[in-house]
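Below, each chain spelled out in residue letters.
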Amino acid sequence: KNMSAKIIKCKTVDGRDIEFVDEIIGSGAMKDVYFSPDRSYVVCFFSKEKNKFYDSKATLEQQKDRLKEIVGNKWQGIFNGVGGDYWKNIFCWPDGLVEYNNLLGITAPTYKNQFFFEFGSKNNDFLQIKGKEKEGKWFASANNQNKFLDEREKGNWLNYLKIGILISRAVRRMHAAGLAHSDLSYKNVLVDPVSGNACVIDVDGLVVPGKYPPDVVGTPDFIAPEVVRTSHLSKDNPDRFLPSIATDKHALAVLIYMYLLYRHPLRGGKIHDMSDPQKDETLGMGEKALFIEHPADHSNQVKTSQLKVSQQPWADPAKVPYTVTGPYLSELFKKSFIDGLHDPAKRPSANEWETALVKTVDLIQPCRNHRCGQKWYVFDNSTQPECPFCHTPFKGKLPILNLYSARQQGNFRSDNHRLMVWTGQSIYAWHANNLIAPNERLTADQIKRKGYFVLHNDVWWLVNEDLPDLTDVANKTAIPIGGKIELKEGVQILFSKEDGGRLAVVQMVEA
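Throughout this description, residue numbers start from 1 for each chain and increase along the sequence as written. In keeping with the model being predicted, local features are shown solely for residues with a pLDDT of at least 70 and side-chain atom pairs are shown and tallied solely at 80 or more, while totals for entire chains, interfaces and linings include all residues. Computation of side-chain values: all heavy atoms of the structure, hydrogens and water removed.

## Considerations on the overall build of the protein chain
Alright, step 1. Helix numbers and strand numbers start at the N terminus; a helix is a DSSP run of H or I with at least 4 residues, a strand a run of E with at least 2. What the protein chain contains, in helices and strands, is twelve helices and 21 strands.
Alright, step 2. For a compact globule the rule gives 2.2 Å times the number of residues to the power 0.38, and the radius of gyration it is set against comes from C-alpha atoms. Computed over the C-alpha atoms, the radius of gyration of the protein chain is 25 Å, within 12% of the 24 Å expected from 2.2 N^0.38 for a compact globule of 511 residues.
Alright, step 3. Evaluated residue by residue, the protein chain yields a buried proportion of 51% over its 511 residues.
Alright, step 4. Taking all contacts inside the protein chain whose residues are at least 6 apart in sequence as the whole, residues at least 24 apart take part in 58%.
Alright, step 5. For the accessible areas, the method is Shrake-Rupley and the probe is 1.4 Å, while residue cover comes only from the protein chains on display. For the protein chain, the exposed area adds up to about 24000 Å²; of that, 51% sits on carbon and sulfur atoms.
Alright, step 6. Positive charges come from Lys and Arg, negative ones from Asp and Glu, while His and the chain ends are left out of the count. All charge positions are set by atom: Lys at NZ, Arg at CZ, Asp at CG, Glu at CD. Here the protein chain contributes 65 positively and 61 negatively charged side chains, and the mean placements of these two sets differ by 2 Å. When a residue's accessible area, from a 1.4 Å probe over protein chains only, is under 20% of the maximum for its type it is buried; when over 50% it is exposed; and in between it is partly exposed. We call two residues contacting when some pair of their heavy atoms lies within 4.5 Å.

Okay, here's the thing in structure tokens:
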């Protein structure tokens, strides 16, 4: 780049020395961005032209106050708290406030390499996006994926589930800190389907309760219906809905739906105003918003005759209904887009999404078709299971572990959680014990694999790597570390004798 650009030195409001190269590397809706000389962080200044808060001293002070809270107390609480290092990977969180040249700015870490396109678009990167950041919109629609992206950028369905887990987890953490993102959308979440990673960015727009109302209404497609419906009212009108934790919950549900199904849950065929497209949009995403897969009201169904080839089969819910996401996620999509669409109190929390996604990962099966674009699917436990994406039938025999956990001594209750088995599938601490959740709190020991499954001469085995209590319940025999147990119909395996320890009952499916 330009070697002659000069390096500017200044201090953050709390007195740290920082530097930036005096050359804009990117401009967003609100900010101009500059690299530090070693590119380990960026300095972003809110531009005078784009930000109304510069117009009055009072609002400028409020803005500073709010940002101070985000880069100060909130930063400390999250990154010096439990799992602080974990959060550094899934938030790009501003860590300094800067005043320079009559401008207000923030410092933030640079995005990790995996969030920049390695190959970019197809046909030798005809869109020239190689090296640009992986904004979620490239991945959230079938049309964008099929028409533009290089195959090597697409990832697989398991990785989209993992992306969903990380986004839910990040939102859960923000909400636990009392913060609303206010503009949760695929613009503000970078994703890497190749590795299954995600990172929440643009955290400087956070709504800090009590630190004056949010500026940002949000990004179309992700704004909750009540915000759209009341957006014409003035900000101080008590009937006006502003971004909040409840509106984030709507945006989160839309994001997860779009990353798993590559279409929008509310953009169907219904037209509300023939003559005024803006009014049609406001009604369709606001007061009259209706789930395209609503079981009782079909008036907003997708008009398949209007779909392009590049949107197929995803954009047609008759071909890929939301139920392909399995029982746990289907339930939450119902709660979000049927019960909670116009009733914010009924929307699932980020924590509920995180739990459902983790349980869904335990239901997936590799597709038998090596050319399947998605490579994984939720096994639906029917008599003739098949991949819902490429329709390749499942063949073979498959153990399913139904998990129960101890409530009182020797008294086991179903956890409504099952683990599908495939060659190389692993058992982790959170499978063996109901009190352990696979999240930022895991210890180094809990992250390690505890056992794995293998099919040998048409017999399925569970190999014990690190489960000291592993027991074959019927024969009352311990399975030592390094030993194995055969998986057959009705076999009961105790994973752990600790509090919350789980029992698995094996069920065999043959197709």
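## Side note on the pattern of salt bridges
Once the charged atoms of two side chains with opposite charge are near each other, the side chains can pair.
Alright, step 1. Take a side-chain nitrogen of Lys or Arg and a carboxyl oxygen of Asp or Glu: if they are within 4 Å of each other, that pair is a salt bridge. Scanning all chains against the criterion turns up 34 salt bridges.
Alright, step 2. For K31, the salt bridge goes to D204, with nearest N and O atoms at 3.0 Å. Of this pair, K31 sits in strand β4 (residues 31-35) while D204 sits in the loop between β9 (197-200) and α6 (225-229), and the two are 173 residues apart along the sequence.
Alright, step 3. On the accessibility criterion, K31 (11% relative accessible area) is buried.
Alright, step 4. Across the pair E440 and R172 runs a salt bridge, and its minimum N-O distance is 3.0 Å. Highlighted residues: E440 in the loop between α11 (429-432) and α12 (444-447) and R172 in helix α5 (residues 157-176), separated in sequence by 268 residues. No difference in accessibility class separates E440 from R172, as the two residues are buried.
Alright, step 5. Within this structure, R169, R172, E354, E440 and R441 form a network of salt bridges that share partners.

## Notes on the packing of aromatic side chains
Where two aromatic rings form a pair, the distance of their centres and the angle of their planes describe that pair.
Alright, step 1. Pairing of aromatic rings covers Phe, Tyr and Trp, the last through its six-membered ring, and needs centres within 6.5 Å; plane angles under 30 degrees mean stacked, over 60 mean edge-to-face, and all others mean tilted. Summed over the entire model, instances satisfying the criterion amount to 34 aromatic pairs.
Alright, step 2. Seen in terms of ring centroids, W138 and F148 are 6.3 Å apart; in terms of plane orientation they differ by 85°. Their pairing is edge-to-face. With W138 in the loop between α3 (122-125) and α4 (142-148) and F148 in helix α4, the pair connects residues that are ten residues apart, well separated along the chain.
Alright, step 3. Chaining the aromatic ring pairs together yields one cluster made of W75, F79, Y86, W87, F91 and W93.
Alright, step 4. Lysine and arginine charges are scored as sitting over a ring when NZ or CZ, respectively, is within 6 Å of the ring centre and within 35 degrees of the ring normal. A cation over a ring is seen here: K48 above Y54, with NZ or CZ 5.2 Å from the ring centre.
Alright, step 5. Over the aromatic face of F119 sits the side chain of R152, whose NZ or CZ is 3.8 Å from the ring centroid.

## Section: the pairing of strand β7 (residues 103-109)
Alright, step 1. Buried residues dominate β7, accounting for five of its seven residues.
Alright, step 2. Taken together, the five bridges between strand β6 (residues 96-100) and β7 define a ladder with antiparallel strand orientation. Each residue of the ladder has a partner; that of L97, found in β7, is I106.
Alright, step 3. What sits between β6 and β7 in their antiparallel hairpin is a turn of two residues, with N101 showing a positive phi close to 60°. Here, strands pair whenever DSSP counts at least two bridges between them.

## Observations concerning the nonpolar core
Alright, step 1. In this structure, F91, W93, I167, Y259 and W353 are the most contacted members of the largest nonpolar core, which totals 88 residues.
Alright, step 2. Residues contacting W93, with those up to four places away along its chain left out, are I70, K74, W75, I78, F79, A108, P109, M174, L179, V203 and L206. Here, nonpolar core refers to any group of buried Ala, Val, Leu, Ile, Met, Phe, Trp, Tyr and Cys residues whose side-chain atoms link them within 4.5 Å.

## A look at helix α1 (residues 57-79)
Alright, step 1. A helix's residues, less one, multiplied by 1.5 Å, set its expected span. For α1, with 23 residues, the first-to-last C-alpha span of 32 Å sits near the 33 Å given by 1.5 Å per residue.
Alright, step 2. The sharpest bend along α1 measures roughly 30° and falls at E69.
Alright, step 3. Within α1, the full set of buried residues consists of Q63, K64, R66, L67, E69, I70, V71, K74, W75, I78 and F79. Each residue is assigned a bend, namely the angle between axes fitted to the seven residues that terminate at it and the seven residues that start at it.

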